[in-house]
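Below are the chains, spelled out letter by letter.
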Amino acid sequence: MEHEEQHYEPFDPTKATRPDPALLHYYIIVSLFTVFAFPFVMLAMYFKFRSLRYGFDEKGISMSYGILWRKEMYLTYRRIQDIHVTRGLIQRWLGLASVSIQTASGTAGAEMTIEGLKNPEALRDFLYLKMRGVRDVGHEHGAKASEGGASAAVVSGGADDEAMGLLREIRDELKRIRASGGVK
């Protein structure tokens, strides 16, 4: 039996502002497991689903939800330490997944969990590129940079460019010293 390679669309951060509607179905099923507390749990889950928003910008990820008690989080890509994709049995049945994002904050759990995604691998890859300071050149949102399918990547600006410039100056100075016979 041949192993089929999974193909998925590149992650488009402009379209990932809300969870997939199947997340509400997931919340209903999970709430049913609470039996007697179902109405209360379902009400809380419904409000969370209706108010859940995601945002991706050049520096990080934002997530907010809640009506009476609003929770807002913002993580910069540089703070991300690890990314986990989780699919429980019910999530797999509904075609959903959760992407847990961990930072070096000292907590055991995830700092942020993005729920209700149909294409979590694309988000995971997008986040890995962003957390490493890499972006596609000349193509928005993960488009192919060449016919062969390889994407061109460069280190993004900011402090990385300053450090790289300083390292180049040091390298050039060492080469100059070695060429003049100062270091053997």
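Residues numbered from 1 in each chain as written. Predicted model: local features only at pLDDT ≥ 70, side-chain atom pairs only at ≥ 80, totals over all residues. Heavy atoms only, no water.

It is characteristic of soluble globular proteins that their nonpolar side chains tend to be buried jointly. Counting residues in hydrophobic clusters, the biggest one holds 32 residues, and the most contacted among them are F56, I61, I101, I114, L123 and L127. What F56 contacts, discounting residues up to four positions off in sequence, is F11, P13, A16, I61, Y77, I114, L123 and F126. (Core = buried A, V, L, I, M, F, W, Y, C linked by side-chain atoms within 4.5 Å. Buried < 20%, exposed > 50% of the residue type's maximum accessible area, 1.4 Å probe, protein only. Contact = heavy atoms within 4.5 Å.)

Next up on the list: the pattern of salt bridges. Counted under the stated rule, the structure contains 8 salt bridges. Taking the shortest distance from any N to any O, the salt bridge between E115 and K48 comes out at 3.2 Å. Residue E115 is found in strand β6 (residues 112-117), and its partner K48 is found in helix α2 (residues 38-51); the two are separated by 67 residues along the sequence. One salt bridge connects R124 with D125, and the closest N-O pair in it is separated by 3.6 Å. The exposure class of D125 is partly exposed, given its relative accessible area of 29%. (Salt bridge = Lys/Arg side-chain N within 4 Å of Asp/Glu carboxyl O. Helix = DSSP H or I, 4+ residues; strand = E, 2+ residues; numbered from the N terminus.)

Taken together, 3 strands build an open sheet; the order of strands is β4-β5-β6 and the sheet is antiparallel. Two strands bound the open sheet, and with one partner strand each, they are β4 (80-86) and β6. Recorded for the sheet is a direction-independent mean angle of 15 degrees between the axes of neighbouring strands. As defined by bridge partners, strand β5 (residues 97-103) adjoins β6 across 4 bridges and the pair is classed as antiparallel. The residue of β6 that forms the bridge with S100 is T113. (Pairing = 2+ DSSP bridges. Axes fitted to C-alpha atoms, helices over the stretch in contact; angles between N-to-C directions.)

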